[in-house]
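One-letter residues, chain by chain:
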Amino acid sequence: MFANLNGWHALIVVVVILLLFGAPKIPALARSLGQSMRILKTEIRDEGEKPASPQATAAQPAVKDADAAA
C-alpha cells in the first residue's frame, strides 16, 4: 500500500499536518508523544518485574495452634 510513496508524498503530508495543527503546536504534540512513550516503556518494564499472580504473594491465613485453643 505504501510502496508507491516517495519524498514528494511525505512532503505533502508534512505540509497538510502543518496546516491542520499549526507550527506552534507541532513541538507540543511531539513532546506529548515522547512523554507518553516513556510512560508506556516504564510501565511495561515495571510489569515485567512484578510477580505473575498477586494471589501467590498474598498473606496466608494464620493456622491456629491446637495447644493454644485448648
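Attention now goes to the overall build of the chain. Summing up its helical and strand segments, the chain has three helices and zero strands in all. Tracing the chain from N to C terminus, the helices and strands come up as α-α-α. Residues counted as buried form 0% of the 70 residues belonging to the chain.

Moving on, we come to the packing of helix 1 (residues 7–21) against helix 2 (residues 25–49). Angle between the axes and distance between the axes: these two values describe a pair of packed helices. Two numbers describe how helix 1 lies on helix 2: the axes approach to 9 Å, and their chain directions differ by 100 degrees. Here helix 1 is positioned roughly perpendicular relative to helix 2, judged by the angle of their axes. Here Ile17, Leu18 and Phe21 of helix 1 come into contact with helix 2, specifically with Lys25, Ile26 and Leu29. Grouping the amino acids of the contact of helix 1 with helix 2 by side-chain chemistry returns five nonpolar, no polar and one charged.

Right, let's talk about a negative patch on the surface for a bit. The grouping of Glu43, Asp46, Glu47 and Glu49 at the surface amounts to a negative patch. The topology assignment puts Glu47 in helix 2.

Rules of the game
Residues numbered from 1 in each chain as written. Predicted model: local features only at pLDDT ≥ 70, side-chain atom pairs only at ≥ 80, totals over all residues. Heavy atoms only, no water. Helix = DSSP H or I, 4+ residues; strand = E, 2+ residues; numbered from the N terminus. Buried < 20%, exposed > 50% of the residue type's maximum accessible area, 1.4 Å probe, protein only. Axes fitted to C-alpha atoms, helices over the stretch in contact; angles between N-to-C directions. Parallel < 35°, antiparallel > 145°, perpendicular 65-115°, else oblique. Contact = heavy atoms within 4.5 Å. Nonpolar A, V, L, I, M, F, W, Y, C, P; charged D, E, K, R; others polar. Patch = residues over 30% accessible without salt bridge, like charges linked within 9 Å, V, L, I, M, F, W, Y side chains within 5 Å. Areas by Shrake-Rupley, 256 points an atom, 1.4 Å probe, with all protein chains shown as cover. Salt bridge = Lys/Arg side-chain N within 4 Å of Asp/Glu carboxyl O. Lys, Arg positive; Asp, Glu negative; His and termini not counted. Charge placed at Lys NZ, Arg CZ, Asp CG, Glu CD.

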